[in-house]
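Okay, here's what each chain looks like letter by letter:
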Amino acid sequence: VMNIPKQVSELANCHGFNSVELVKSASNEMIYSVGSVDGDGFPLPTGLPHYIIARDGVLSLVCDSDFHITDAL
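Residues numbered from 1 in each chain as written. Predicted model: local features only at pLDDT ≥ 70, side-chain atom pairs only at ≥ 80, totals over all residues. Heavy atoms only, no water.

Our next topic: the environment of D38. Following the sequence through the fold, D38 ends up in the loop between β2 (29–37) and β3 (43–44). C-alpha separation for the pair D38 and N18, spaced 20 residues apart in sequence, amounts to 9.0 Å. One polar contact links the side chain of D38 to the main-chain amide nitrogen of D40, over a distance of 2.9 Å. (Helix = DSSP H or I, 4+ residues; strand = E, 2+ residues; numbered from the N terminus. Polar contact = N/O pair within 3.5 Å; in protein donor to acceptor, adjacent residues only side chain to side chain.)

Here is the structure:
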């Protein structure tokens, strides 16, 4: 199980997401899928997929409609 960096979890939480999963990593970039789960661990609908991109120490939250990340994964 991959540990999610605290800064990534905090960014997800401040935007209302409580689930973070690493979906892709490269030498200078990590992409995390974010979403929400209920108290029993079941996924809740959140609309379009959202991702946190960690690139060269900078975090950004992006919506898949803007970047089409899901197609590239």
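The subject of this paragraph is the pairing of strand β1 (residues 19–25). Examined bridge by bridge, β1 and β2 share six bridges and lie antiparallel to one another. Along β2, the bridge assignment pairs V20 with V34. (Pairing = 2+ DSSP bridges.)

What follows covers the pattern of salt bridges. Within the structure shown, the criterion is met by two salt bridges. Between K6 and E10 there is a salt bridge, with its nearest N and O atoms 3.8 Å apart. Note that K6 and E10 are positioned in helix α1 (residues 6–14) at a spacing of four residues, about one turn of the helix. Under the relative-accessibility criterion, K6 is labelled exposed at 60%. (Salt bridge = Lys/Arg side-chain N within 4 Å of Asp/Glu carboxyl O. Buried < 20%, exposed > 50% of the residue type's maximum accessible area, 1.4 Å probe, protein only.)

Moving on, we get to the confidence of the model for the chain. Overall, the prediction assigns the chain a mean pLDDT of 88, with 86% of residues at 70 or greater. By mean pLDDT, the top-scoring element of the chain is α1 (96), and the lowest-scoring one is helix α3 (residues 69–72) (64). (pLDDT = per-residue confidence, 0-100.)

Among the nonpolar cores identified, the biggest contains eight residues, and these are V8, L11, A12, F17, Y32, V34, I52 and A54. Contributions of two or more residues to this core are made by α1, β2 and β4 (50–55). A total of three residues in this core trace back to one element, the largest contributor, which is α1. Beyond its immediate stretch of four places on either side in the chain, V8 contacts V20, Y32, I52 and L59. (Core = buried A, V, L, I, M, F, W, Y, C linked by side-chain atoms within 4.5 Å. Contact = heavy atoms within 4.5 Å.)

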